[in-house]
There are 2 protein chains.
Amino acid sequence: MSLMGQMMHMPLMISSLLTHAARHNGDVEIVSKRVEGDMHRTNWAGIEQRSRKLAQALERLGLKTGDRVGTLAWNGYRHLETYYGVSGSGMVCHTINPRLFPQQVAWIVNDAEDKAIFVDLNIFPLVDKLAPMMPSVKHVVVMCGREHMPKESSIPNLLCYEELVEAEDGNYQWPTFDENTAASICYTSGTTGNPKGAVYSHRSTVLHAYASAMPDAMSVSSQDTVLPVVPMFHVNAWGLPYASAMIGCRLVFPGHHLDGASLYNLFEQEKVTFSAGVPTIWLGLINHAKQNNLKFSTFKRTVIGGSACPPAMIKTLQDDFGVEVIHAWGMTELSPLGTLSRLKAKHADLPKDQKEAILAKQGKGIYGIDMRIVDGDGKVLPWDGKAAGDLEVRGHWVISSYFKMDKSPLHDGWFPTGDVATIDPDGYMQITDRSKDVIKSGGEWISSIDLENVAMAHPAVHEAAAIAAFHPKWDERPLLVVVKKPGAEVTAAELIAFYDGKIPKWQTPDDVVFVDEIPHTATGKIYKLKLRETFKDHKLPTA
Amino acid sequence: MSLMGQMMHMPLMISSLLTHAARHNGDVEIVSKRVEGDMHRTNWAGIEQRSRKLAQALERLGLKTGDRVGTLAWNGYRHLETYYGVSGSGMVCHTINPRLFPQQVAWIVNDAEDKAIFVDLNIFPLVDKLAPMMPSVKHVVVMCGREHMPKESSIPNLLCYEELVEAEDGNYQWPTFDENTAASICYTSGTTGNPKGAVYSHRSTVLHAYASAMPDAMSVSSQDTVLPVVPMFHVNAWGLPYASAMIGCRLVFPGHHLDGASLYNLFEQEKVTFSAGVPTIWLGLINHAKQNNLKFSTFKRTVIGGSACPPAMIKTLQDDFGVEVIHAWGMTELSPLGTLSRLKAKHADLPKDQKEAILAKQGKGIYGIDMRIVDGDGKVLPWDGKAAGDLEVRGHWVISSYFKMDKSPLHDGWFPTGDVATIDPDGYMQITDRSKDVIKSGGEWISSIDLENVAMAHPAVHEAAAIAAFHPKWDERPLLVVVKKPGAEVTAAELIAFYDGKIPKWQTPDDVVFVDEIPHTATGKIYKLKLRETFKDHKLPTA
Ligand SMILES: Nc1ncnc2c1ncn2[C@@H]1O[C@H](COP(=O)(O)OP(=O)(O)OP(=O)(O)O)[C@@H](O)[C@H]1O
Ligand SMILES: Nc1ncnc2c1ncn2[C@@H]1O[C@H](COP(=O)(O)OP(=O)(O)OP(=O)(O)O)[C@@H](O)[C@H]1O
Ligand SMILES: [Mg+2]
Ligand SMILES: [Mg+2]
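Criteria and cut-off values
- Residues numbered from 1 in each chain as written.
- Chains lettered and ligands numbered in written order.
- Predicted model: local features only at pLDDT ≥ 70, side-chain atom pairs only at ≥ 80, totals over all residues.
- Heavy atoms only, no water.
- UniProt positions renumbered as here; feature names shortened; annotations may be inferred.
- Near = heavy atom within 4 Å.
- Polar contact = N/O pair within 3.5 Å; in protein donor to acceptor, adjacent residues only side chain to side chain.
- Areas by Shrake-Rupley, 256 points an atom, 1.4 Å probe, with all protein chains shown as cover.
- Helix = DSSP H or I, 4+ residues; strand = E, 2+ residues; numbered from the N terminus.
- Domains from an automatic or database assignment.
- Contact = heavy atoms within 4.5 Å.
- Buried area = accessible area lost by both parts, 1.4 Å probe.
- Salt bridge = Lys/Arg side-chain N within 4 Å of Asp/Glu carboxyl O.
- Nonpolar A, V, L, I, M, F, W, Y, C, P; charged D, E, K, R; others polar.
- Phe/Tyr/Trp six-rings, centres within 6.5 Å; stacked < 30°, edge-to-face > 60°.
- Buried < 20%, exposed > 50% of the residue type's maximum accessible area, 1.4 Å probe, protein only.
- Lys NZ or Arg CZ within 6 Å of the ring centre and 35° of its normal.
- Pairing = 2+ DSSP bridges.
- Axes fitted to C-alpha atoms, helices over the stretch in contact; angles between N-to-C directions.
- Expected span 1.5 Å × (residues − 1).
- Least-squares fit on C-alpha atoms with pLDDT ≥ 70 in both.
- Parallel < 35°, antiparallel > 145°, perpendicular 65-115°, else oblique.

For chain A, an unreviewed UniProt entry supplies the name Fatty-acid--CoA ligase and the organism Aquabacterium lacunae. The Sequence similarities (unreviewed entry) field of the UniProt record for chain A holds the comment "Belongs to the ATP-dependent AMP-binding enzyme family."

Given below as structure tokens:
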């Protein structure tokens, strides 16, 4: 007969993150570069009070526990209030990527059956157009003050965020309920097919916040000023809005101003110390800084993930700018954090290049996440750094099923990620590819990430993508698609020669195509599906 | 109708801390200074394997889920294996303080109904003597190899730890069960009365581990070598055995070698970076280092709590030794961490003395713990740094009731700590006293901690205790009991004069008594109950 513990059982509630921040770090600033163009300053106490008012307003609109509330908004304080006001009151915050194709936005809103949509001023035209296609939506709230409200709209009863919030008295108690209640929904990026919905709970969100802030993970503390470049509609900005409340740090939101120059100025003006974002966004920032010979005065650490971060980028940020890169791997289905690359104590005395090789991997599983790799027959493979297999995970913040999809995605209790990876004896996981992107040359696998990493180390290359091109003998052979740096010159032959000695000879791309732009998905990933489509008739010189 | 999250529901299990450590940091060392006198080295993989064998051995002995297993042991790897082997298999690990009076030990074992006792070699004589008084105990396991087993004992079937463990094959799967199952029991220190049992769950233990390791709390990481001076029988060494597995850091256990010289040598030899312990233990270490003109070469940070840490001690460690002190407050009933004192970002530019004043407080509540102060009528008091009231807490790792005690200790859902405190607008809590130790002079309260802190700053004072002495007019007046530093001289009048300008005049002690030793409880706290008893007939010069 087991004995039960005699501890208080308090559910893990998202609202408690915010009330903790307000009580203990109420005067810590939340800075936002607004869509309106100006800077806005509030603090954790202000966010908490307005989130309570927002919760009151939602109830006044007739919204109920469990109802989905969509957001189409950039990173800013009102979006933060919406996160907490919606989830805190027992409703479900559904963040939507405004960069998706309009049809996809409508499809997602309909799939989630959003009852209300909160939308930023400069995204409003999209909603205005889509409104007739989204019958579940009863309320559209424009996130601005009365003075900025759209003058014309086909939507009846358009609501003004500021009016809605400021009409309430804030006399509201955050409710307590089952910690497994849904708190938010996020759809996958749609890189490999249609977006699928992940439904996070209060429990999974709070546990993820604890794990993500740990010294061996992001290591964020109340000493930091955090600027999430990763959008709040991309897996909840990787959980930073929750972790930031937990630790009570200063937050700086960039709004939609994500070009290199705007970001650089914001980092400097607001003394940002920590950031997070996908690789593409850093390309712009690094270029801007290099071209203008700029350095960062307070920015010290950044998490990069969502796609493989090229080692050359890690090296530039570290060596040229003194910014430590924490390479991370995650998925929408993982809330999103799975692994982060940090050195172990025993690595302290390794030579620089060996440290860099470790840090270029996707990293170690954080406590709360289990990983394994399996072969085609489901047999578990060893952690020897060589065997590559399908990566599977399980843990407190991993989905067990997709929203409205009956079929369980799990394999034997584990979630199959669709990524192919190796794990070394120290537990460092390295993604070789998505299984759909692997280049299969005569039965052997070539990692497109490896090919891209080499190309990205060439001084003339701005961005590179490796895809499979048809080959009559080998089925598939690698084709490299390259965007050159402005003003730089390099030939296909030179780039192919650049691979010499860096990877096994037979893996070298058969051809290089130069393009003006590589297509990206709405979350800033290389859109390989599209690239493969574009180059499906490409004739390799080797064919 | 609420919507439920669609996340994997995996219970928070203590065993998963250990399996995570073994998989990701299996080669990280666990070093122990053994009772046998030598040094022992294993690693997280070794601990995990032997804990599994121990779990098998416990089941082979016929022990069942929910059974209590007592330990009377110092900090060492076998004790660590017992923690995990017992809790991991669904039994309840009951750590017992061997420094308690023998009768208290027997009382606690009987109250917990321990079925087995694991005991260190040099504590065995105590168990040998008490065995007849502990009828529930069916098995006594001596934590050593066959060669060291006691030759004579009145206990039939005395078991040898190493034989027991090494007889098993380790072919054991850690079970998964309800996360609210009891994992361990710890009794309070018995400073103010009889010890009371706190029953921790797997859930509360894992959540406490997350919260305690955070950058704004202990900030321990896999980069650290952690030496827990605080015993594993004192609130599970403040959770360090769990947090250490979670982060996979190197651990150094001092066994029973806790004198200044032994500790200093161990810190240096094993390159310890982080430690934790009660104030008294640091007195010995600091004295040893000062007398021998020693510095620490790797030791950088320590948590001090369990009693108020005198500001003079924080200053010495910081200024003379470069060791950052994190002052912490906790209780057995809180697993134990409640607050830790760390500066906020906005404090960065304060002058040194103002920073010191903040760091001398007991600190900020960590996320997962709520605090409030109430007056005699239960009215909630403001966080203004002035109003002092009864401190009450609630949170994920706070008890809801004591073992086998029907009466709920809670007040309105909050746990009353028995401590009197102020909380300032920044959320820093400061303990003025235990409510039982407050000196009540003519209706006004005098904080004994304040009086002790002043005395401890005097260069001739080794240790000081302030207690209430009877006064015919004021009811109580402060009496200071002092142990001088070896060779130092100071008079009562000089000490009383030393208070000038440091506290309000009327709070100055009426008298000073010099003694050779101040009595301590089994956990190293000043034993005020005993002191008050000793000085109950003391005649104040002012009376
Ligand atoms: N550091 C990284 N290195 C390599 N790949 C990464 C990294 N971080 C994330 N990824 C890739 O991103 C994927 C998760 O992305 P996300 O959840 O945003 O949607 P998606 O997989 O791109 O879209 P969809 O699942 O709809 O096709 C991972 O499965 C992996 O392929
Ligand atoms: N940093 C600190 N400053 C002041 N007091 C502290 C500090 N840390 C702990 N304490 C005191 O220790 C108490 C908790 O100690 P513990 O749980 O070990 O048992 P105890 O209270 O000493 O014994 P018992 O409850 O049996 O009388 C707190 O209630 C507080 O009075
Ligand atoms: Mg995906
Ligand atoms: Mg107590």
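After that view, the rundown keeps rolling.
Asker: Residues and numbers for the site of ligand 1, please.
Answerer: All names here are of chain A. Close contacts around ligand 1 come from 21 residues, with Thr188, Thr191, Thr192, Thr332 and Lys525 the closest. Between ligand 1 and Gly190, the relevant distance is 2.6 Å, taken from an oxygen atom to a main-chain nitrogen or oxygen of the residue. For ligand 1, a nitrogen atom lies 2.8 Å from a polar atom in the side chain of Gln362. Protein contacts shield 96% of the accessible area of ligand 1, which totals 630 Å² for the unbound molecule. Considering each element in turn, the shell around ligand 1 owes the most residues, 4 residues, to strand β14 (residues 324–330).

Asker: Let's hear about the domain arrangement of chain A: which residues, and what values?
Answerer: Residues and elements named next belong to chain A. What the domain assignment reports for chain A is domain 1 (11–33 + 40–202 + 229–246) and domain 2 (437–534). Relative placement of domain 1 and domain 2: their C-alpha centres are 39 Å apart. Contacts between the two partners involve 7 residues from domain 1 and, on the opposite side, 7 residues from domain 2. For the pair domain 1 and domain 2, the summed buried area comes to about 650 Å², and 58% of that belongs to carbon and sulfur atoms. Where domain 1 meets domain 2, there are 0 salt bridges. Along the contact surface separating domain 1 from domain 2 lie 2 residue pairs in polar contact (both at pLDDT 80 or more). For the side of domain 1 that touches domain 2, the class distribution of residues is 1 nonpolar, 5 polar and 1 charged.

Asker: Break down the packing of aromatic side chains for me, with residues and values.
Answerer: What the rule picks out here adds up to 31 aromatic pairs over all chains. Their ring planes at 55 degrees and their centres at 4.5 Å tell us that A:Phe267 and A:Phe299 sit as a pair that is tilted. With a gap of 32 residues between them, A:Phe267 in helix α10 (residues 260–269) and A:Phe299 in the loop between α11 (279–291) and β13 (301–305) connect regions that are remote in the sequence. The pair A:Phe267 / A:Phe299 is uniform in exposure class, with both members buried. Seen in terms of ring centroids, B:Trp282 and B:Phe299 are 6.0 Å apart; in terms of plane orientation they differ by 15 degrees. Their pairing is stacked. Placement of B:Trp282 in helix α11 (residues 279–291) and of B:Phe299 in the loop between α11 and β13 (301–305) is noted, with a sequence separation of 17 residues between them. The exposure class assigned to B:Trp282 is buried, which follows from its relative accessible area of 0%. Members of the aromatic cluster, connected to one another through ring pairs, are A:Tyr264, A:Phe267, A:Trp282, A:Phe296, A:Phe299 and A:Phe321. Positioned above the aromatic ring of A:Trp383, the side-chain terminus of B:Arg23 is 3.9 Å from the ring centre.

Asker: Quick rundown of the interface of chain A and chain B? Include the residues and the values.
Answerer: With 80 residues of chain A at the interface, the matching set in chain B holds 80 residues. Summing both partners gives a buried area of about 6400 Å² for chain A against chain B, and 56% of it is carried by carbon and sulfur. Joining chain A to chain B, the criterion identifies 4 salt bridges. Two residues, A:Arg203 and B:Glu179, come together in a salt bridge whose shortest N-O distance is 2.8 Å. Linking chain A with chain B are 33 residue pairs in polar contact (both at pLDDT 80 or more). Only α1 (14–25), β9 (197–201), α7 (202–213), α9 (240–247), β16 (363–365), β17 (369–374) and β18 (389–395) of chain A provide two or more residues apiece to the side of chain A that touches chain B. Looking at side-chain class alone, the side of chain A that touches chain B contains 40 nonpolar, 27 polar and 13 charged residues.

Asker: An account of the UniProt feature "domain: AMP-dependent synthetase/ligase" (unreviewed entry) in chain A is requested, with residue identities and associated values reported.
Answerer: Listed under "domain: AMP-dependent synthetase/ligase" (unreviewed entry) in the UniProt record, and renumbered for this structure, are residues 20–403 of chain A. What you have in residues 20–403 of chain A is 33% helix and 22% strand, and the ends, taken at the C-alpha atoms, are 31 Å apart.

Asker: Account for the site of ligand 2, naming residues and giving values.
Answerer: All names here are of chain B. Looking at ligand 2, there are 21 residues lining it, with Gly190, Thr191, Thr192, Thr332 and Lys525 nearest. The contact in question runs from an oxygen atom of ligand 2 to an N or O atom on the side chain of Thr192, over 2.5 Å. At 3.1 Å from a nitrogen atom of ligand 2 is found a main-chain nitrogen or oxygen belonging to Ala308. If ligand 2 stood free it would expose 630 Å²; the protein chains cover 96% of that surface.

Asker: Which residues make up the pattern of salt bridges, and what values do they have?
Answerer: All names here are of chain A. Counted according to the given criterion, the structure contains 80 salt bridges over all chains. For the salt bridge of Lys346 with Asp426, the shortest nitrogen-to-oxygen distance reads 2.6 Å. Of this pair, Lys346 sits in the loop between β15 (337–340) and α13 (352–359) while Asp426 sits in the loop between β19 (415–423) and β20 (428–434); the two residues are 80 residues apart in sequence, bridging distant segments of the chain. Looking at Lys346, the relative accessible area reads 45%, which means it is partly exposed. Residues joined by salt bridges that share partners form a network here, namely Arg34, Glu36, Asp38, Arg50, Lys53, Arg78, Glu81, Glu162 and Glu166.

Asker: Explain the sheet that holds strand β4 (residues 92–95) of chain B to me, using residue names and the numbers behind them.
Answerer: Residues and elements named next belong to chain B. Strand order in the open sheet made by the 7 strands is β7-β6-β5-β3-β4-β8-β9, with mixed pairing throughout. Where the open sheet ends on each side, the last strands, each with one partner, are β7 (159–160) and β9 (197–201). Pairing between strand β5 (residues 116–119) and strand β6 (residues 139–142): 4 bridges, direction parallel. Paired with Ile117 across the two strands is Val140, which belongs to β6. Contacting β8 (182–187) and β9, helix α7 (residues 202–213) crosses the sheet at an angle of about 80 degrees to β9.

Asker: Help me get a handle on the sheet that holds strand β8 (residues 182–187) of chain A, residues and values and all.
Answerer: Residues and elements named next belong to chain A. Pairing is mixed across the open sheet formed by 7 strands, whose spatial order is β7-β6-β5-β3-β4-β8-β9. The open sheet has two free edges, formed respectively by β7 (159–160) and β9, since each of these has just one partner strand. As defined by bridge partners, strand β3 (residues 68–72) adjoins strand β4 (residues 92–95) across 4 bridges and the pair is classed as parallel. In the sheet register, Val69 faces β4, and the bridge partner there is Cys93.

Asker: Go over the UniProt feature "domain: AMP-binding enzyme C-terminal" (unreviewed entry) in chain A with me, naming the residues and quoting the values.
Answerer: Mapped onto the present numbering, the UniProt feature "domain: AMP-binding enzyme C-terminal" (unreviewed entry) falls at residues 451–525 of chain A. Across residues 451–525 of chain A one finds 17% helix and 33% strand; the C-alpha atoms that close the span lie 16 Å apart.

Asker: An account of helix α2 (residues 44–60) of chain B is requested, with residue identities and associated values reported.
Answerer: Residue and element names in this part refer to chain B. With 17 residues, α2 ought to run about 24 Å at 1.5 Å a step, and its terminal C-alpha atoms sit 24 Å apart, in line with that. Of all 17 residues in α2, 13 are buried, a share of seventy percent or more. Among the residues of α2, the N-terminal cap falls to Asn43, whose side-chain oxygen and the backbone nitrogen of Ala45 are separated by 3.2 Å. With its phi angle positive at about 95 degrees, Gly62 sits one or two positions after the end of α2.

Asker: How would you summarise unusual backbone geometry if you had to cite specific residues and measurements?
Answerer: In this structure, the amide linkage connecting A:Ser335 to the following residue, A:Pro336, adopts the cis form with an omega of 0 degrees. Here A:Pro336 shows up in the loop between β14 and β15. Positive phi, close to 55 degrees, is recorded for B:Glu113, a residue that is not glycine. Backbone geometry at B:Ser219 places phi at a positive 55 degrees, although glycine is not the residue there. Turning to its location among the elements, B:Ser219 is positioned in the loop between α7 and β10 (225–228). According to the relative accessible area criterion, B:Ser219 is buried, its value standing at 19%.

Asker: Break down the relation of the copies chain A and chain B for me, with residues and values.
Answerer: Screw-axis analysis of chain A against chain B gives a translation of 0.0 Å along the axis, an RMSD of 0.0 Å, and a rotation angle of 180 degrees. Viewed as a symmetry operation, the transformation between the two copies matches a two-fold axis. Residues of chain A ranked by C-alpha distance from the rotation axis are headed by A:Met214, positioned 2.5 Å from it. Both copies share a contact surface, since 100% of the interface residues of chain A are interface residues in chain B too.

Asker: Please provide a residue-by-residue account of the packing of α10(A) against α11(A), values included.
Answerer: All names here are of chain A. Interhelical geometry of α10 versus α11 gives an angle of 75 degrees and a closest axis separation of 8 Å. The orientation of α10 with respect to α11, classified from their angle, is roughly perpendicular. Counting all contacts with α10, which are made through Gly260, Ala261, Leu263, Tyr264 and Phe267, the residues of α11 involved are Ile281, Trp282, Gly284, Leu285 and His288. Here the residues of the contact of α10 with α11 are counted per class, giving 7 nonpolar, 3 polar and no charged.

Asker: Residue-level account of the side chain of B:Thr181, with values.
Answerer: Here B:Thr181 lies in the loop between α6 (161–166) and β8. Note on B:Thr181: relative accessible area 3%, which makes it buried. There is a polar contact of 2.6 Å between the side chain of B:Thr181 and the backbone oxygen of B:Asp178. Ignoring sequence-local partners within four residues, the contact set of B:Thr181 consists of A:Ser2, A:Leu3, A:Met4, A:Gly5, B:Tyr200, B:Ser201 and B:His202.

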